[in-house]
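Each chain, letter by letter, is given below.
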Amino acid sequence: MAVTEERPGTWIGKPVARKEDAKLLTGQSRYIDDLTLPGMVFAAVVRSPFAHARIKSVDVSKALEAEGVVGAFTGADLADDWAASLPCVWLVTEDTKQPMHRPLATDKARYAGDGVAVVLAETRAQAKDAAELVEVDYEPLPAVVDPEEALAEGAPLLHEELDDNRSYTWTLKTDNADDVFSAAPVVVKERYRQQRLIPNAIEPRGVLAQYLPAQDEYTLWSATQIPHILRFWLAVVLAVPEARLRVIAPDVGGGFGSKLNVYAEEALALVLARRLGRPVKWIEERSEGYLATIHGRDQWQEIELAADEDGKIRGVRVRLTVGMGAYLQLVGAGTPILGAWVYGGAYDIEAYDFECVGVFTTTTPTDAYRGAGRPEATYAIERAVDALARRLDMDPVEVRRKNFITEFPKTIAAGLEIDSGDFHGALDKALELVDYEGLRREQAERRERGDGKLLGIGLATYTEMCGLAPSRILGVLLYAAGGWDAATIRCLPTGSVQVFIGTSPHGQGHVTTFSQIVAERLGVPLEQVEVIHGDTSTMQLGLDTYGSRSLAVGGVALWNAAEKILEKSKAVVAHKLEVSPEDLQVEHGRFTVAGTDKAMTVQDAALHAFTAHDLPDGMEPGLEATFVYDPPNFSWPGGAHVAVLEIDPETGDVELRRYVAVDEIGNVVNPTIVDGQVHGGVAQGIGQALFEEAIYDEDGNLTTGSMLSYIVPTAAELIDLELDRVSAPSPTNPMGVKGVGETGAIAAPAAVINAVVDALAPFGVTDVEMPAKPERVWRAIQEGGAR
Amino acid sequence: MRRIAVTVNGGRREAEVEPRDLLVYFLREGLGLTGTVVGCDTSSCGACTVLLDGESVKACTLLAVQADGREVTTIEGLASNGQLHPVQQAFHEAHGLQCGYCTPGMVLATVSLLAENPSPSDDEIRHALEGNLCRCTGYQNIVKAVKAAAA
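What you see is a predicted model, and the numbers here were worked out from it, not measured in a lab. (Residues numbered from 1 in each chain as written. Chains lettered and ligands numbered in written order. Predicted model: local features only at pLDDT ≥ 70, side-chain atom pairs only at ≥ 80, totals over all residues.)

(A) Fine view of the pairing of strand 19 (residues 485-491) of chain A. All names here are of chain A. Burial analysis of strand 19 places 6 of its 7 residues in the buried class, which makes it a mostly covered element. In this sheet, strand 25 (residues 623-629) lies alongside strand 19 in antiparallel orientation, the contact comprising 7 bridges. When the sheet's bridge partners are listed, Ala486 is paired in strand 25 with Val628. Looking at chain direction, strand 19 and strand 20 (residues 497-501) are connected through 5 bridges and run antiparallel. Within strand 20, the position partnered with Thr488 by the bridge is Phe500. Linking two consecutive strands that pair antiparallel, namely strand 19 and strand 20, is a turn of 5 residues; a positive phi of about 110° is found at Gly495 within it. (Buried ≥ 20, exposed ≤ 12 C-beta atoms within 10 Å, placed from the backbone. Helix = DSSP H or I, 4+ residues; strand = E, 2+ residues; numbered from the N terminus. Pairing = 2+ DSSP bridges.)

Here's what the structure looks like:
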């Protein structure tokens, strides 16, 4: 493969072609459904067709008689196998209501897709056929799919043990908020919808579980982003010793948050493998996944800006009503809260007042989907800033420039500290790239002459908090775990290096990026660095991949582990060369003694540390180091995105013409991989803005139940993006890096919808709900009135 | 059960299959060629794309018996003598893949496209690949890879 020639010390910042590609390009990858074990059986889950129904009886007897069937279980059959509910790790307030969530429902089905029984058979087809024979007697109950309606008096109650459908109310308010709002000469109030989204990783979920009774040992292979977190929580749910449970993430085909969970099927497969004494595989079908895998967003947002007449924003007030779905999934309750600190955007705001209500509805649970709370926040503030600009008859650029945070570190009104940024730089560059002035002139001319197509220009300037997360802050926020990550470097005697990482990539290219870090620091050829991940037996320490954390936390852990390797190498080398350690200079893993030709590399030191023939007194043999890095702050990327589009007023069709993204993400290890992350993030953000929407009817049926009705954008819907960067390296970590995985999804919905609204300004249109489908745009034009 | 004979990646394979068996499961489970993957149940995503007599087809919408007497190329059959096919090489160099799950289908759809249209425009590429979904790349580097492979 075309890895370029080895030049020590030039790896960081270099667009190295990916080491992980070869197997993925040749069919030698191993995704979950590619794995088989002797004696393996297949599981099929029987799911409720009703959004809300009492389960009066479940009869698996006919299924048990079907060909190939080796077992069939109801929720009641397995009720005693669970030592605890499927977890929610972030109960955001002391009084957050967390209902019991069993892998199979026992009393009621609470969403269409809630599992009620499971059937196991020798083949996939037999399991599926037999699942059809399970007879369930349901008593249908009224559904409620809208979170606001679920809060209303008399709404159908999902969990009888709770008084109502409210899970929690979370607030964050500065003392000055009410005063600032009552004194403000201008208050803009807006209401937005964050539609429900389906993540759509192209690989469906799946699990394979094995139990060895003689050893009392469990192994779970899962298409997951979080093998370490999964092991911890499955040990709790099943009450098995964590040390006897091994979780392996094989090659994983995308996640975007959808594989960041502790799912019913993961717990079920382990329990069923134990009961049957045979390995159990379950592979999700796509339409099944639309019901059984978490959804994203589903918020009603109200946002108010308090401002001066000159456009200076003084305060932000936010009220969110968020659909949790039927149960609290792993981070479901906390997902909207991840946006709570960035509804003030990139702006210097003195007063802040945020409230979020989490609500149960008879729908598939929601949880973290790419951006998780921050796309919603960015959308609200960026749309509201445009609304303020309209109110004051200012250019949206001018309002933004007037309000940017310019000095860092900056403690924001919401309470956290933004360590670095360059919002003016990003916006200036984006406007120059897109030729903003020229576009505005073109727009004015076209409006003047009544051009058939409506030109729209939309901005989104953003900052976001990612790189999850400082453990102490997570503790204060009642999150049940820490936010550190870990890396181990093991220098083998023959020169190659094993790197064990606690993050768990599923497309992000960690193998390449992390190899570059090691090659840079230790001077080891890139090809001799082997990055190992995704198996709790080879790397015990890790908190996995989500929240744009892998480089900003795990990568820094690796950087620091390399520092430890260099320290020990230095002692080994000094002893061997019979010089004082202070006399050694090191560059990219090569130690030299000034004024002499004496030199040794880290690889030489590894051999000496291995033979241990001549080490300093008391030194442990071997050259290996682990570093566990707990970030002192979040990671704060930022940037400016500009969308340019045209709308056909006759049809409402929106055609994206250009999309410019200038991101500020600190230092970059591999620009090609970073560009790829931005491409994918923006594509998903454009998807939210223009195409994607999970729709439930009033009876709680998911009417967008397959890829035929839920529109995942194809190549034909998207365009080439124009990317650039500015850099304000993070002072929080020694690499100066920031997260990037979610920036595109965070900025794009706001940029695109601001452009849609901008295009429709001559019609007096001020809002188009996402996704801005042709019908919706056309209606907005009709209701907005004539040009 | 029915006996079929299919030339897969240049080798003749005979097997007994159920009339209802899909080609994709015949390849994956019958022949162990797991490079062809399944991404949906509605023929929407194209992850299972293979070449049938040189033309791209979705192996989840074809029965194994329909391949009887014909030639199938899967991703495993594309590289030769340890050398990546030019399309595979172009995807690597252009960073046209991230998680890799759509990649076999995307690569084979590209091979088929370039056989029909050796120098497609951006627009032609984007429309030709409409049947193959990717959620990671936003397609930008896929289009770039296809252009590079065509050049």
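(B) Structural detail: the domain arrangement of chain B. All names here are of chain B. The assigned domain composition of chain B is domain 1 (2-76) and domain 2 (86-150). Each of domain 1 and domain 2 has a C-alpha centre, and these two points are 21 Å apart. Counting residues at the interface gives 16 residues for domain 1, matched by 13 residues for domain 2. Mapped by element, the contributors of at least two residues to the side of domain 1 that touches domain 2 are strand 3 (49-52) and strand 4 (55-58). Among the residues forming the side of domain 1 that touches domain 2, the class breakdown is 7 nonpolar, 8 polar and 1 charged. (Domains from an automatic or database assignment. Contact = placed C-beta atoms within 7 Å. Nonpolar A, V, L, I, M, F, W, Y, C, P; charged D, E, K, R; others polar.)

(C) Structural context of the sheet that holds strand 6 (residues 135-140) of chain A. All names here are of chain A. Overall, antiparallel pairing links the 3 strands, which are arranged 4-2-6 in an open sheet. This sheet does not close on itself; its edge strands, each paired only once, are strand 4 (108-109) and strand 6. By the bridge criterion, 2 bridges tie strand 2 (residues 53-59) to strand 4 in an arrangement that is antiparallel. When the sheet's bridge partners are listed, Arg54 is paired in strand 4 with Lys108.

(D) Fine view of the nonpolar core. Residue and element names in this part refer to chain A. If you look at the biggest cluster of nonpolar residues, it comprises 326 residues, and the most contacted ones within it are Ala43, Val119, Val518 and Val756. In terms of residue count, helix 16 (residues 550-577) provides more of this core than any other element does, 13 residues in total. Non-local contacts of Ala43, meaning those with residues more than four positions away in its chain, are made with Val118, Leu120, Ala127, Leu268, Ala269, Leu272, Val280, Lys281 and Trp282. (Core = buried A, V, L, I, M, F, W, Y, C linked by C-beta atoms within 7 Å.)

(E) View of the domain arrangement of chain A. All names here are of chain A. Under the domain assignment, chain A is made up of domain 1 (21-29 + 484-629), domain 2 (32-141 + 204-252 + 259-292) and domain 3 (389-468 + 634-784). Taking the mean C-alpha position of each, domain 1 and domain 3 sit 39 Å from one another. At the interface, 16 residues of domain 1 touch 16 residues of domain 3. Breaking the side of domain 1 that touches domain 3 down by element, the ones donating at least two residues are helix 15 (510-522) and helix 16. For the side of domain 1 that touches domain 3, the element with the highest residue contribution is helix 16, accounting for 6 residues. A class-by-class count of the residues in the side of domain 1 that touches domain 3 yields 7 nonpolar, 8 polar and 1 charged.

(F) Expanded view of the environment of Asn176 of chain A. Residues and elements named next belong to chain A. Along the chain, Asn176 falls in the loop between strand 7 (166-173) and helix 6 (177-183). On a C-alpha basis, the gap between Asn176 and Tyr352 in space is 8.0 Å, while along the polypeptide they are 176 residues apart. The contacts of Asn176, once residues within four sequence positions are left out, are Glu350 and Ala351.

(G) Seen up close, the packing of helix 2 (residues 86-93) of chain B against helix 3 (residues 103-116) of chain B. Residue and element names in this part refer to chain B. Following both chains from N to C, one finds helix 2 and helix 3 inclined at 125°, their axes separated by 9 Å at the closest point. Classified by the angle between their axes, helix 2 and helix 3 sit oblique to one another. For the element pair helix 2 and helix 3, the recorded crossing hand is right-handed. In contact with Val87, Gln88 and Phe91 of helix 2, helix 3 contributes Thr103, Val107, Thr110 and Val111. (Axes fitted to C-alpha atoms, helices over the stretch in contact; angles between N-to-C directions. Parallel < 35°, antiparallel > 145°, perpendicular 65-115°, else oblique. Left-handed = near helix turned anticlockwise from the far one by under 90°.)

(H) Main features of the confidence of the model for chain B. On average, residues of chain B score 97 in pLDDT, and 100% of them are at 70 or above. The complex model carries a pTM of 0.97, and its ipTM stands at 0.98. (pLDDT = per-residue confidence, 0-100.)

(I) Representation of the interface of chain B and chain A. In this assembly, 46 residues from chain B lie in contact with 44 residues from chain A. For the side of chain B that touches chain A, the secondary structure elements donating two or more residues are helix 2, helix 3, helix 4 (122-128) and helix 5 (140-150) of chain B. Its residues placed into classes, the side of chain B that touches chain A shows 23 nonpolar, 17 polar and 6 charged.

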